[in-house]
Number of protein chains: 2
Amino acid sequence: VERREFFERAKAIVQKSLKKKDRLIVNAVHTVDDLNKEINQLSERLKDWYGISFPELESLFPDPEKYASIVLALEKNEKEQLLKLTSEEKLNQIFDARKDSLGAEITENDKKPILDLAKSILSTVELRSRVESYLESLCNELCPNVSYLCGPLLTARLLAIAGGLEELAEMPASTIQVLGAEKALFKHIKRGSPPPKHGLLFQHPIISGASKEKRGKIARALSAKIAIAAKADAFTHHFIADKLKADLEKRLSEIK
Amino acid sequence: VERREFFERAKAIVQKSLKKKDRLIVNAVHTVDDLNKEINQLSERLKDWYGISFPELESLFPDPEKYASIVLALEKNEKEQLLKLTSEEKLNQIFDARKDSLGAEITENDKKPILDLAKSILSTVELRSRVESYLESLCNELCPNVSYLCGPLLTARLLAIAGGLEELAEMPASTIQVLGAEKALFKHIKRGSPPPKHGLLFQHPIISGASKEKRGKIARALSAKIAIAAKADAFTHHFIADKLKADLEKRLSEIK
């Protein structure tokens, strides 16, 4: 009985140290990344394979999801579905391209595994969007402030690289600013190359959408707000992100 | 009209030069390889993710497909399904491990995306086996002799690296023996390191299953038969692989 009790106590400690929510978020965002990679890779394969029969289609629809949907609707002769997926003008381009196609005719039997692959890509796209919604609800629950400022995907990546919410909350803004740019930072320290202006934060639209000269300043302003938001999420549990965002927008309008 | 006619002729030439069947086979085998990689990668992800709740399960079922099936049956409490997947003894090991598990409890809501991932892995496994069957029928049609000697996967990989059936048929046995070991061969020529004994052919069970000293001799005997088989497939279209295989087996019994 004593052994059992000891075991239960040890178990509780281990479980607590694992920080379940952080791990759920990290696994979900890694899954999104894995699924992304997979969708892109299998879609290249689909373009090669279906390209035996209709090589011209690829340049009309380079997007993986669109390409797979068009292939399926085209092969099933679903004109209504095609018109949902694309414009009438583009549809005529498809039909013109098919008439003059340099592709080879392939049998129904040869098409079957190709269409199976297209279906598999689409269901992977669906899975990815379900995991993304789950990730969003999880981030809103665990860290509503950071999530409000950064969106669920970037929030989850910050948590993954920081090692959890508490770890993120304990970081100064200057560290958050270059999270994910460890290599460039190390090179800066060792060899005196210019310091990185941003790491993961580059994924935020207010940085990736800004001109190159402004990005450093925006990254500094954004990381300052994230540092405050993370502390609120980890310790005070107040929702202050709307005020933080308003401050940030005011600051952004001053950056030239 | 003349332009059209010219175009049609050009099209026929291009289509012929593409060697459709070769391309179908090469795409199918690359798809099998891609799906393999994907199954392994997503399965590592699943083990991490479900491992939050039940970390001990992974070491009981390291195989990706088995692991995903067990997770689904376990979470749906399908005891009959579990008994189809594993022995009663192993099932008791699972239940014992779960009782003392160091995992954290997670909600149904947190489990849903994990189970979705498990289902996606299983349907990818299914897709892979469908593409493999297709590949087998294609190889039996295009090159029944090589396929009889090597099986569909190795045959398709030989075609992929040779660039097609005709190309394979024109290769001497000594080239076939080291197909896929180009790097080692180049090193041998440039720096005098020992020449490779086999490349892709290592995937054949009579080589991978043999002791190290015998592999070179077996690879030589096997590649000689493949060279003859490929010529029969590309040019005479006679089925002679049963005789080739009997000869090969006789030769193998002489190798010490």
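Now for a description of the structure that goes with this document. Computed from a predicted structure; not experimentally measured.

1. Some thoughts on the overall build of chain A
Then comes step 1: Looking only at helices and strands, one finds 14 helices and zero strands in chain A.
Then comes step 2: Reading chain A from its N terminus to its C terminus gives the helix and strand order α-α-α-α-α-α-α-α-α-α-α-α-α-α.
Then comes step 3: By the compact-globule yardstick of 18 Å for 256 residues, chain A is too spread out, its C-alpha radius of gyration being 24 Å.
Then comes step 4: Accessible surface for chain A amounts to roughly 13,500 Å². Of this, 53% is attributable to carbon and sulfur atoms.
Then comes step 5: Positive and negative side-chain charges of chain A, numbering 42 and 38 respectively, have mean locations separated by a distance of 8 Å.

2. Section: the relation of the copies chain A and chain B
Then comes step 1: Of the transformation superimposing chain A on chain B, the axial component is 0.0 Å and the angular component is 180°, with the fit at an RMSD of 0.0 Å. In the structure described here, the two chain copies are related by an operation that fits a two-fold rotation axis. Residue Glu38 of chain A, judged by its C-alpha, is the member of chain A lying nearest the rotation axis, at 3.4 Å.
Then comes step 2: An overlap of 100% is found between the interface residues of chain A and their copies at the interface of chain B, pointing to a shared contact surface.

3. Focus on the interface of chain A and chain B
Then comes step 1: Taken together, the 42 residues of chain A in the interface contact 42 residues of chain B.
Then comes step 2: Summed over both partners, the interface of chain A with chain B comes to about 4,000 Å²; 56% of that surface belongs to carbon and sulfur atoms.
Then comes step 3: There are four salt bridges connecting chain A and chain B.
Then comes step 4: Two residues, Arg130 of chain A and Asp116 of chain B, come together in a salt bridge whose shortest N-O distance is 2.9 Å.
Then comes step 5: Elements that contribute at least two residues to the side of chain A that touches chain B include exactly helix H1 (2–17), helix H2 (20–51) and helix H7 (108–142) of chain A.
Then comes step 6: It is H2 of chain A that contributes the most residues to the side of chain A that touches chain B, 17 residues altogether.
Then comes step 7: In the side of chain A that touches chain B, the residues fall into 17 nonpolar, ten polar and 15 charged.

4. Let's talk about unusual backbone geometry
Then comes step 1: Positioned with a positive phi, Asn77 of chain A is a non-glycine residue whose angle comes to about 60°.
Then comes step 2: Topologically, Asn77 of chain A is positioned in the loop between helix H4 (64–75) and helix H5 (79–85).
Then comes step 3: Using a relative accessible area of 64% as the deciding quantity, one classes Asn77 of chain A as exposed.
Then comes step 4: Although it is not a glycine, His237 of chain B sits at a positive phi angle of roughly 60°.
Then comes step 5: Tracing the backbone through its elements, the reader meets His237 of chain B in the loop between helix H14 (212–236) and helix H15 (241–254).
Then comes step 6: His237 of chain B gets classed as exposed once you look at its relative accessible area, which sits at 60%.

5. Here we look at the pattern of salt bridges
All names here are of chain A.
Then comes step 1: Per the stated rule, a full pass over the model turns up 25 salt bridges over all chains.
Then comes step 2: Across the pair Lys119 and Asp116 runs a salt bridge whose closest N-O atoms are separated by 3.8 Å. Placement of both Lys119 and Asp116 in helix H7 is noted, with a separation of three residues, approximately one turn of the helix.
Then comes step 3: Taking the relative accessible area as the measure of exposure, Lys119 reaches 43% and is therefore partly exposed.
Then comes step 4: Residue classification places Asp116 among the buried positions, given a relative accessible area of 10%.

6. Quick notes on the environment of Lys243 of chain B
All names here are of chain B.
Then comes step 1: Relative to the elements of secondary structure, Lys243 occurs in helix H15.
Then comes step 2: Classification of Lys243 by relative accessible area gives exposed; the value is 56%.
Then comes step 3: Sequence separation between Lys243 and Lys225 is 18 residues, and the spatial gap between their C-alpha atoms is 10.0 Å.

7. Considering the state of the cysteines
All names here are of chain A.
Then comes step 1: Applying the stated criterion across every chain yields a total of zero disulfides over all chains.
Then comes step 2: With no disulfide of its own, Cys139 has Cys143 as its nearest cysteine by sulfur position, at a separation of 4.9 Å.
Then comes step 3: Looking at Cys139, the relative accessible area reads 0%, which means it is buried.

8. Structural notes on a positive patch on the surface
Then comes step 1: Taken together, the side chains of Lys183, Lys187, Lys190 and Arg191 of chain A present a region of like positive charge at the surface.
Then comes step 2: Following the sequence through the fold, Arg191 of chain A ends up in helix H11 (residues 182–191).

9. Focus: the packing of helix H8 (residues 144–162) of chain A against helix H13 (residues 212–236) of chain A
All names here are of chain A.
Then comes step 1: At their nearest, the axes of H8 and H13 sit 10 Å apart, and the two run at 95° to each other. The angle between H8 and H13 falls in the class roughly perpendicular. Where H8 abuts H13, its residues Pro144, Asn145, Val146, Leu149, Cys150 and Leu158 lie against Lys225, Ile226, Ala229, Ala230, Ala232 and Asp233.
Then comes step 2: Counted by class, the contact of H8 with H13 contains nine nonpolar, one polar and two charged residues.

10. A word on the environment of Asp22 of chain A
All names here are of chain A.
Then comes step 1: Tracing the backbone shows Asp22 in helix H2.
Then comes step 2: As for Asp22 and Glu166, which are separated by 144 residues in sequence, their C-alpha atoms are 9.4 Å apart.
Then comes step 3: Ignoring anything within four residues of it in the chain, the contact list for Asp22 reads Leu142, Gly164 and Leu165.
Then comes step 4: Within the structure, the side chain of Asp22 is placed 3.3 Å from the backbone nitrogen of Leu165, a separation counted as a polar contact.

11. Section: the environment of Pro205 of chain B
Then comes step 1: Looking at the secondary structure, you find Pro205 of chain B in helix H13 (residues 205–208).
Then comes step 2: Each C-alpha atom of the pair Pro205 of chain B and Cys150 of chain B lies 9.1 Å from the other, and the pair is 55 residues apart in sequence.

Cut-offs and rules
Residue numbers restart at each chain and count upward from 1, following the sequence in its written direction. All chains are assigned letters beginning with A, and all ligands numbers beginning with 1, in the order in which they are written. Totals for whole chains, interfaces and linings use all residues, but because this is a predicted model, local features are given only for residues with pLDDT of at least 70 and pairs of side-chain atoms are given and counted only at 80 or more. Working from all heavy atoms in the structure, the side-chain values ignore hydrogens and water. Only runs of H or I of at least four residues qualify as helices and only runs of E of at least two qualify as strands under DSSP, and these elements are numbered from the N terminus. Radius of gyration here is computed from C-alpha atoms only, and the compact-globule reference equals 2.2 Å multiplied by the residue count raised to the power 0.38. Calculation of accessible area relied on Shrake-Rupley with a 1.4 Å probe; when residues are assessed, cover is drawn exclusively from the protein chains displayed. A residue counts as positive if it is Lys or Arg and as negative if it is Asp or Glu; His and the chain ends are not included. Think of each charge as sitting on NZ of Lys, CZ of Arg, CG of Asp or CD of Glu. Only residues with pLDDT of at least 70 in both copies contribute their C-alpha atoms to the least-squares superposition of the copies. Between two residues, a contact is recorded if the distance between any of their heavy atoms is within 4.5 Å. Buried area is understood as the total, over both parts, of accessible area removed when two parts are fitted together, assessed with a 1.4 Å probe. By convention in these notes, a salt bridge is any Lys or Arg side-chain nitrogen within 4 Å of a carboxyl oxygen on Asp or Glu. Residues are grouped as follows: nonpolar covers Ala, Val, Leu, Ile, Met, Phe, Trp, Tyr, Cys and Pro; charged covers Asp, Glu, Lys and Arg; every other residue, Gly included, is treated as polar. Burial here depends on accessible area, computed with a 1.4 Å probe over protein chains only, as a share of the maximum for the residue type. Under 20% is buried, over 50% is exposed, and the range in between is partly exposed. We call a pair of cysteine sulfur atoms a disulfide whenever their separation is within 2.5 Å. Each patch is built from salt-bridge-free residues with over 30% relative accessible area, joining like charges within 9 Å and nonpolar side chains (Val, Leu, Ile, Met, Phe, Trp, Tyr) within 5 Å. Fitted lines through C-alpha atoms give the axes, limited to the stretch in contact for helices. The angle between two N-to-C directions lies from 0 to 180 degrees. Small angles under 35 degrees read as roughly parallel and large ones over 145 as roughly antiparallel, with 65 to 115 read as roughly perpendicular and the rest as oblique. Here a polar contact means two N or O atoms within 3.5 Å. Within protein one must be a hydrogen donor candidate and the other an acceptor candidate, and residues neighboring in sequence count only if both atoms are side-chain atoms.

Everything listed is a geometric property; what it means functionally is a separate question.
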